[in-house]
Amino acid sequence: MKTIKLGVNIDHIAVLREAREVNDPDILQALYVACESGADQITIHLREDRRHIQDSDVENILHFSKLPVNLECSINKEILNIISNLKPHRATLVPEKREEVTTEGGLDVFHYENEIAYAIEQLHDSLIPVSLFVDPSIEAMEQSKKLGAEMVELHTGLFSNLFNMLHSSLPYSNHSIKELEFPRYELSERLEDALHQIKLSAQYAKKLGLEVAAGHGLNYHNIDEMVHISEITELNIGQSIIARSVFTGLSQAVQEMKKLTAR
Ligand code: PXP
């Protein structure tokens, strides 16, 4: 059986740690558990605002990881210099806005073409292969190839959001996605379109000689659609894995603490 490479995004462990500004949970422990449990790659994002992953985390993870490390970063010069020195197995260029909760939308490979071309050149000079995190479109695949990337990661955020609005109780919750509050038939049509767009882009990217990854918002319910797109060779997943681990681990964590409360 041929499986897709699973990149486990462990930023979310650092989100929890930084929320209390303590050293718990330990990101290196997350690295070891992910490695031991079948991950094929570790993905982390060194953001300009350092809201979760810190420079020391990147250094430690690169030092201790038994798996390739896919380091996400923006095209900011200071960040690129750091990444070039650290030499991860791959850099994935992503857009970054201070006010966003997570990476919303793919890189604008047209508006920032000069900056992206320069970033790719700098990373290549340091022998770091480059992936571009882009929205799925034929034009973005062509432009990514033209700019010199080896790989694209297709942003699956729209697909995932539509899937969740159609197939879960999300529309009835406080976290309903306002701009996607459509009748079910329309959600269904839009979901088909989003999936079609991902498939077309993956096929086209492969034809151009680009490696194809996908990620963002993928979870235990919607992953199946991605797994069946043969051109996609890698999925990068964070939130849903870390969220699930709370519930696969909470019972044991409570039991361990309860035992310690026995006099
Ligand atoms: N791929 C990229 C490029 C990302 O920026 C992110 C989010 O950090 C992911 C994958 C993982 O997204 P999620 O946490 O929604 O699974």
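Shown above is the structure to which this text applies.
Source: prediction; values computed, not measured. (Residues numbered from 1 in each chain as written. Predicted model: local features only at pLDDT ≥ 70, side-chain atom pairs only at ≥ 80, totals over all residues. Heavy atoms only, no water.)

Trainee: Can you break down the nonpolar core residue by residue, with the values?
Mentor: Grouped together as the largest cluster of nonpolar side chains are 68 residues, with contacts concentrated most on I10, L93, L132 and I232. At seven residues, the largest contribution of residues to this core is made by helix α8 (residues 184–207). If near-sequence neighbours (up to four positions away) are discounted, L132 is found in contact with L93, L107, V109, I116, I120, S144, A149, M151, V152 and E153. (Core = buried A, V, L, I, M, F, W, Y, C linked by side-chain atoms within 4.5 Å. Buried < 20%, exposed > 50% of the residue type's maximum accessible area, 1.4 Å probe, protein only. Helix = DSSP H or I, 4+ residues; strand = E, 2+ residues; numbered from the N terminus. Contact = heavy atoms within 4.5 Å.)

Trainee: Give a detailed account of the site of the ligand, specifying residues and quantitative values.
Mentor: Around the ligand sit 13 residues in total, of which E72, E153, G217, G238 and Q239 are the nearest. N9 has a polar side-chain atom sitting 3.3 Å from an oxygen atom of the ligand. (Near = heavy atom within 4 Å. Polar contact = N/O pair within 3.5 Å; in protein donor to acceptor, adjacent residues only side chain to side chain.)

Trainee: Break down a negative patch on the surface for me, with residues and values.
Mentor: On the surface, a cluster of negative charge is contributed by E189, E192, D193, D224 and E225. Mapped onto the negative patch, the elements with two or more residues apiece are α8 and α9 (223–227). Sort the elements by how many residues they give to the negative patch and α8 lands first, with three residues. Residue classification places D224 among the partly exposed positions, given a relative accessible area of 47%. (Patch = residues over 30% accessible without salt bridge, like charges linked within 9 Å, V, L, I, M, F, W, Y side chains within 5 Å. Areas by Shrake-Rupley, 256 points an atom, 1.4 Å probe, with all protein chains shown as cover. Salt bridge = Lys/Arg side-chain N within 4 Å of Asp/Glu carboxyl O. Lys, Arg positive; Asp, Glu negative; His and termini not counted. Charge placed at Lys NZ, Arg CZ, Asp CG, Glu CD.)

Trainee: Before we move on, can you summarise the packing of helix α4 (residues 77–86) against helix α5 (residues 113–125) with the specific residues and values?
Mentor: At a minimum axis separation of 9 Å, α4 and α5 run at an interaxial angle of 20 degrees. Relative to α5, the element α4 lies roughly parallel. Handedness of the α4/α5 crossing: right-handed. Contacts between α4 and α5 involve K77, L80, N81, I83 and S84 on the former and, on the latter, Y118, A119, Q122 and L123. Of the residues that constitute the contact of α4 with α5, the class distribution is five nonpolar, three polar and one charged. (Axes fitted to C-alpha atoms, helices over the stretch in contact; angles between N-to-C directions. Parallel < 35°, antiparallel > 145°, perpendicular 65-115°, else oblique. Left-handed = near helix turned anticlockwise from the far one by under 90°. Nonpolar A, V, L, I, M, F, W, Y, C, P; charged D, E, K, R; others polar.)

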